[in-house]
Amino acid sequence: MNRRDILRRTAAAGLLATPAAGLLAGCATGGGGDDKGDAGTYKGTKSEQNPLGVAEDAPLEVVIFNGGFGEEYAKAHEAMYTEKYPKAKINHSATQEISKTLQPRFVDGTPPDVVNNSGAGQIDFNGLVSQNAIADLGELLAAPSLDIPGKTVKDTLLPGAVEVGSYDGKFLVMNYTYTVYGIWHSTKLFTERKWEYAKTWDEHIALCKQIKAAGIAPWTYAGLHPRYMSWPLISTAIKFGGPSVATAIDNLEPNAWKSDAMKAAADAWHQIVKDKYILEGSSGLDHKQSQTAWCQGKAAFISCGSWLESEQKDVTPAGFNMTVQPTPSLGSGDKLPFEAVRGTAGEPFMVPAKAKNIAGGLELFRIMLSRKGAQDFTKKVSSLTVVAGASEGVELPFGLATVVKALDASGSNGFNWVYNNYYRKLERNLVDAACGEFFSGRIGPAEFLDQCQKGADSIAQDSSIKKYKRAV
Amino acid sequence: MRHGKYPLIVTFLVPPVLLYVVFVVSPYLQTFQISTTDWLGYSADANSVGMANFKALWNDDYVWNALKNNAILLALVPVLTIVLGLFFAAMLNMGGRKGRAGVSGVRGSSFYRTVYFFPQVLSVVIIALLWKEVYHPNKGLLTSALNGVGLSAPTWLGDPKTAFWCVLAVMIWSNVGFYVVLFGAAMSAIPKEIYEAVMLDGASRLTTLWKVTIPLLWDTVQVAWVYLAIFALDGFILVQLMTNGGPNFSTDVIGVRMYDTAFGSETKFGYASAIGVVMFFLTLTVAVLALRVSKRDRIEYS
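None of the values given here were measured: they were computed from a predicted structure. (Residues numbered from 1 in each chain as written. Chains lettered and ligands numbered in written order. Predicted model: local features only at pLDDT ≥ 70, side-chain atom pairs only at ≥ 80, totals over all residues.)

Quick look at the nonpolar core
Argument step 1. By size, the foremost hydrophobic cluster in this structure holds 203 residues, and its most contacted members are A:Ala237, A:Ala265, A:Ala299 and B:Val167.
Argument step 2. When near neighbours in sequence (up to four residues on either side) are disregarded, A:Ala237 contacts A:Val245, A:Ala261, A:Met262, A:Ala264 and A:Ala265. (Core = buried A, V, L, I, M, F, W, Y, C linked by C-beta atoms within 7 Å. Buried ≥ 20, exposed ≤ 12 C-beta atoms within 10 Å, placed from the backbone. Contact = placed C-beta atoms within 7 Å.)

Below you can see the structure in the form of structure tokens.
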């Protein structure tokens, strides 16, 4: 390749570009789909037995995120579907790259009927919702539950399950699992050393001192994904200042990140950085590496969601007995009790608005949300579902049993935030980077909150990002 | 047979040109068109917004930060890779003390040749994961080695001060092997008589390398320069797998920014296309400049 070649090629490309640009307007973005109307969709007759109007012979295409939960659970749900509709043919596939695999099909107007939009390759929900790419699941909520008599699907769900998947009052995303976020420790380690989980922050710091003196690092965290540490920090702030702290952050209110509660929480958490209570080198570990160091007993505490137990299944020593606990209270002035814990629906499922078999997709969700479907899921993957009480009678592994206990203790004091669903970039990029600086000790609490606020402001000012308001 | 020429040419030329147009030219042109829209990637609707994406780009600190990192890569990766590549190739081909006229390699040169080429055999993904473990802050090779001799080690990829240089080192490590082979092949094409003449004149090995070998290799170096410059403007795979731009955007490059904008934390395909267009012109400019700056008279020896 020499210079003349390059120039010649550029010139040729330039010549081509002029007339072709107009033609190409209809290429990548101009794909079909908008004027087909209802012609290509499947609809059955609604009846008491078939409240969603499923066409019983319509094929159903399902795409599952092949992550921590695998795909076997989904196949079981699909089998329940074909049991009900023997004439329906189900096209099942599983991938880890949801956005790359499905993006062209959304543009083309031929998306699958059910998408488990999860994992690192998840499609940003803000973009999907603002382009009206997801079907309204309202009908599903109003439909009667499959095997819990006298209740609609909505009545069978845990509190908060509908809120998390709602955008501007429309229920668009069915989050299937129920995840508790907290601080984890090994019961075995704590019993051996006669340590007890501390309920207040001062006691927590005293315990950290004791743990460090015993030659174990009190904390470790996923330094390459430091947003894991934003969870306990924000939780501390919400317990101190009440749920309005979360609402302000979710609604991108000015200076929401610099509220007094956030300041108090950041100051408190700075202590573990200052006093070097974090395992050395944590800032260079990814989530798996840090969780493994924790399982090996190199650190006492780690922040994670309730998927931790199944994620660590292969490396957890026998008898480790991981337990989840709420974040310690800052003091007696806290608005929420110590037991209050962040619980939220996770693992999003959706039906694309242009899916051919929308009713079939909703019906599959109804099967998943039946007691039978939910119990099968909990048995298969050791995770709770959003179906209230569905884990009763199922034998749970140690860690998950502590999750249920924490959830019961928390009761109506449970809290949550959703800014990470509304504005994926804010948590994944901006708060994440700030947490990395803060928990490695490169910046202090004030700068940390400044950096988070700057990120939130940049989202608020970006007119190309659709904004949502949280109802409560 | 004159009239038979064109069907032949057409048969051989049309399929590759068609493929090139469909898979290379047309996506480029579409990117230009999409970059002037606000397309969000998951519907068929896009509104034309003119140059708004490019204006936003101009004010986007994260893009500038990524470009700054690319600029550093551009300044260092080609130079260091070529210098190392030339040095190793010279040692392998003419570094030995024995042998006539200094034109044999150091002892065990065939062994080294294989070793240098190892990284080239591995896929980039493997290289990234391999080095991620080498840089493991607690039990990685580097930390263990430093701790072994009583030194404290940084957290490598976990520290904005070191992460960028760690990635840069891997870029050079993974590239040098190929250029050792490339330069080596070019060196063996240089007639031995030239070296014999130089030896008779009493030139040292360094002088030989500097005054004879490199000038004769200049064409090859030039090609290496362009390839490496283009590589330095990309660097996407290594960065995405090793650090994904972190910590605190210290290893971010323009390719990662583009990917993240479309497939990562947002779905702004219009804006990402605008980044792609900027990348296209930057790469083109750099390639042209690299060729122009390194332009010299061609030396023929036949």
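Structural notes on the domain arrangement of chain A
Residue and element names in this part refer to chain A.
Argument step 1. By the assigned domains, chain A splits into domain 1 (60-179 + 344-399) and domain 2 (180-343 + 416-461).
Argument step 2. A C-alpha centroid distance of 29 Å is found between domain 1 and domain 2.
Argument step 3. Facing 15 residues of domain 1, the contacting portion of domain 2 comprises 20 residues.
Argument step 4. Looking at the side of domain 1 that touches domain 2, the elements with two or more residues in it are α4 (125-130), β6 (174-186) and α16 (398-410).
Argument step 5. Tallied by class, residues from the side of domain 1 that touches domain 2 come to six nonpolar, eight polar and one charged. (Domains from an automatic or database assignment. Helix = DSSP H or I, 4+ residues; strand = E, 2+ residues; numbered from the N terminus. Nonpolar A, V, L, I, M, F, W, Y, C, P; charged D, E, K, R; others polar.)

Comments concerning the sheet that holds strand β1 (residues 60-65) of chain A
Pairing between sheet strands relies on hydrogen bonds along the backbone, with the strands arranged either parallel or antiparallel.
Residues and elements named next belong to chain A.
Argument step 1. Strands sit in the order β2-β1-β3 across an open sheet of three strands; the sheet is parallel. Each having just a single partner strand, β2 (90-95) and β3 (114-115) make up the two edges of the open sheet.
Argument step 2. Note that β1 and β3 share two bridges and pair parallel. Across the sheet, residue valine 62 finds its bridge partner in β3, namely valine 114.
Argument step 3. The strands that helix α2 (residues 72-84) touches are β1 and β2; relative to β2, the one it contacts most, it runs at about 170 degrees. (Pairing = 2+ DSSP bridges. Axes fitted to C-alpha atoms, helices over the stretch in contact; angles between N-to-C directions.)

Considering unusual backbone geometry
Argument step 1. With an omega of -15 degrees, the peptide bond running from B:Gly246 to B:Pro247 counts as cis.
Argument step 2. One non-glycine residue with positive phi stands out, namely A:Asp168, at about 50 degrees.
Argument step 3. With respect to the helices, strands and loops of the structure, A:Asp168 is situated in the loop between β4 (166-167) and β5 (170-171).
Argument step 4. On the basis of neighbour count, A:Asp168 is assigned to the exposed category, with 11 C-beta atoms found within 10 Å.
Argument step 5. Even without glycine at this site, A:Asn321 takes up a positive phi of about 50 degrees.
Argument step 6. Residue A:Asn321 is classed as partly exposed on the basis of its C-beta count, with 19 C-beta atoms lying within 10 Å.

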